[in-house]
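These are the residues of each chain, in order.
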Amino acid sequence: MITTIYDGFAQSAVIAPKHAKMILRHSLRDKIPPNEMGTDVLLTREGEVMAEHFGKNCTFNIARIHTSVIERCVQTANLFAKGYQTNTGKELQVIPTNILADSYIYDLEKAVNLFKTHSPYWIMTAFLRGEELPGMRGLYESMRLLFDYIFQDTTCADMEVFITHDTFLIAIVCFCHNIQPSLNDFTWPYMLEGAFLYLENQYIHCIFRGETKAIPLQF
């Protein structure tokens, strides 16, 4: 279904339903300078090639691509779409949205200072514990915003792709799998790695690295 260097991602793709939502971290980027948010950091040349190759070798029937408005995610989406069209002849609609960029932020100025002074790992660990963080919405409010957007079209028979950032992907995975983020090989996502979400029997099912967990839709 997909061609990827990540065994767990490939295993997830094999068991994912055809109508699942693929939540994908953007492709390989340049390094983010210290004490910066990195919103202007773009894909490397290798990252560009990887994104196009991934799209070209994706055999799922893709309906459309949603992407964070941050440029490296938009780059990933456009290159995936280019590769996919080369292979299938189908032109994919790319839909940029702030939901995949800042849905857990309500005060950007406070949040920027938070991200400049703490690592993403520290922030997401505190966020997933339910701690109040400057400029950030609570865990449950944030996840409802994300899931409402991801599952807005429940009638789509094909797969939708949602391209976002590591903090969003890790939040979804850890929330659904009921675990805390870790820098070990299980949890923290690599660039151009993803998870699959789908609804069944009033549960949200999340497949990540070949493991499936589910939470009630009305969490």
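Data block above holds the structure.
Residues numbered from 1 in each chain as written. Predicted model: local features only at pLDDT ≥ 70, side-chain atom pairs only at ≥ 80, totals over all residues. Heavy atoms only, no water.

The next thing to look at is the overall build of the protein chain. When its secondary structure is counted, the protein chain shows eight helices and seven strands. The C-alpha radius of gyration computed for the protein chain amounts to 16 Å, which stays within 12% of the reference 17 Å derived for 219 residues, consistent with globular compactness. With respect to the three principal axes, the spread of C-alpha positions in the protein chain is 45 × 40 × 30 Å. Counting only residues that meet the buried cut, the protein chain has 52% of its 219 residues in that class. Within the protein chain, counting contacts between residues at least 6 apart in sequence, those at least 24 apart form 70% of the total. Total accessible area on the protein chain is roughly 10400 Å²; 49% of this is exposed by carbon and sulfur atoms. Once the 18 positive and 24 negative side-chain charges of the protein chain are each reduced to a mean point, those two points are 2 Å apart. (Helix = DSSP H or I, 4+ residues; strand = E, 2+ residues; numbered from the N terminus. Rg over C-alpha atoms; globule rule 2.2 N^0.38 Å. Buried < 20%, exposed > 50% of the residue type's maximum accessible area, 1.4 Å probe, protein only. Contact = heavy atoms within 4.5 Å. Areas by Shrake-Rupley, 256 points an atom, 1.4 Å probe, with all protein chains shown as cover. Lys, Arg positive; Asp, Glu negative; His and termini not counted. Charge placed at Lys NZ, Arg CZ, Asp CG, Glu CD.)

Before going further, it helps to examine the packing of aromatic side chains. Applying the stated rule across the entire model yields 16 aromatic pairs. Ring plane angle 10° and centroid distance 5.2 Å describe the contact between Y6 and Y190, whose orientation is recorded as stacked. Here Y190 lies in the loop between α8 (166-177) and β5 (194-200) and Y6 lies in the segment before α1 (7-15), a separation of 184 residues in the sequence. The partly exposed category is assigned to Y190, whose relative accessible area is 36%. One aromatic cluster is present, formed by F9, F54, F60, F80, Y84 and F196 through successive ring pairs. (Phe/Tyr/Trp six-rings, centres within 6.5 Å; stacked < 30°, edge-to-face > 60°.)

On to the environment of F54. By the element assignment, F54 lies in helix α2 (residues 45-56). As for F54 and R64, which are separated by ten residues in sequence, their C-alpha atoms are 15 Å apart. Not counting the four nearest positions on each side in its chain, F54 is found in contact with I2, T3, F9, M22, L24, F80 and L192.

What follows concerns α2. Over its twelve residues, α2 runs 17 Å from end to end, which matches the ideal 16 Å to within 8%, given 1.5 Å per residue. The inward-facing, buried residues of α2 contact α1, β1 (21-25) and α3 (71-88). (Expected span 1.5 Å × (residues − 1).)

On to the pairing of strand β2 (residues 62-68). When you tally the buried positions in β2, you get six out of seven residues, the bulk of the element. One ladder, built from five bridges, connects β2 with strand β4 (residues 159-164); its direction is parallel. Bridged to I62 within β4 is M159. Of the strand pairs in this sheet, β2 and strand β3 (residues 94-97) are connected by four bridges, and their pairing is parallel. (Pairing = 2+ DSSP bridges.)

Distances and angles like these do not, on their own, reveal function.
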